Amino acid sequence: MTLLAHSTLLPILGGAIIGLAAILLMWSNGRILGVSGIAGALFARDTSARRMSICFLAGIIIAGIFGSAMRPALLPGAPAADTLTLIIAGIAVGFGTRLGNGCTSGHGVCGISRLSKRSFIATVTFMLTATLTVFFTHH
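For the structure given in this document, a descriptive report is provided here.

Each value, and the rule that gives it
Residues numbered from 1 in each chain as written. Predicted model: local features only at pLDDT ≥ 70, side-chain atom pairs only at ≥ 80, totals over all residues. Heavy atoms only, no water. Helix = DSSP H or I, 4+ residues; strand = E, 2+ residues; numbered from the N terminus. Buried < 20%, exposed > 50% of the residue type's maximum accessible area, 1.4 Å probe, protein only. Contact = heavy atoms within 4.5 Å. Areas by Shrake-Rupley, 256 points an atom, 1.4 Å probe, with all protein chains shown as cover. Axes fitted to C-alpha atoms, helices over the stretch in contact; angles between N-to-C directions. Parallel < 35°, antiparallel > 145°, perpendicular 65-115°, else oblique. Left-handed = near helix turned anticlockwise from the far one by under 90°. Nonpolar A, V, L, I, M, F, W, Y, C, P; charged D, E, K, R; others polar. Expected span 1.5 Å × (residues − 1).

1. A word on the overall build of the chain
Working step 1: Tallying secondary structure elements over the chain gives six helices and zero strands in all.
Working step 2: The N-to-C order of helical and strand elements in the chain reads α-α-α-α-α-α.
Working step 3: The dimensions of the chain, computed from C-alpha atoms along their principal axes, are 50 × 35 × 35 Å.
Working step 4: Burial analysis of the chain (139 residues in total) assigns 16% to the buried set.
Working step 5: For the chain, restricting intrachain contacts to residue pairs at least 6 apart in sequence, the fraction spanning at least 24 positions comes to 32%.
Working step 6: A total accessible area of about 10600 Å² is found for the chain, and carbon and sulfur atoms account for 76% of it.

In structure tokens:
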């Protein structure tokens, strides 16, 4: 019973933390929590936007390191793909986020919560494409 309660509680806690981060970013900077947009601001001329992006992305990396140190069994090992495949996949994801004017975090977490039709359609498209990709690559 304790394991079930624990395994149910962690995703709820994680979702609440992501929601809180989205609210705090909107409240403090007036920005939507979209990782692709924040990563893109690394190349902005505005130094305050670049500084915020560096801090945000560093926080994601630090949280991953902290999480893997605290609970290594919860995070998978090294990716099964070779480096070239990962680079091509990263470029494809970057292209897709530009094409869709955002990523799953911006559209899925923030856009749907604002009842944006565009974000709903984008999120359904992301999820359907991901499902089909997994199906065709594993069957």
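2. Concerning the packing of helix H5 (residues 104-113) against helix H6 (residues 117-138)
Working step 1: As a packed pair, H5 and H6 sit with axes 9 Å apart at the nearest point and diverge in direction by 135 degrees. Relative to H6, the element H5 is oriented oblique. Like other packed secondary-structure pairs, H5 and H6 cross with a definite hand, here left-handed. Within the contact between the two elements, H5 uses Thr104, His107, Gly108, Gly111 and Ile112 and H6 uses Arg118, Ser119, Phe120, Ala122, Thr123 and Phe126.
Working step 2: Looking at the contact of H5 with H6, its residues break down into four nonpolar, six polar and one charged.

3. Notes on helix H4 (residues 83-99)
Working step 1: Here H4 spans 24 Å end to end across 17 residues, near enough to the 24 Å set by a 1.5 Å rise per residue.
Working step 2: One or two steps after H4, the chain reaches Asn101, where phi turns positive at roughly 55 degrees.

4. Focus: unusual backbone geometry
Working step 1: With a phi angle near 60 degrees, Leu115 is a residue other than glycine that sits in the positive phi range.
Working step 2: Locating Leu115 in the fold gives a position in the loop between H5 and H6.
Working step 3: Exposure remark for Leu115: the relative accessible area of 76% places this residue in the exposed category.

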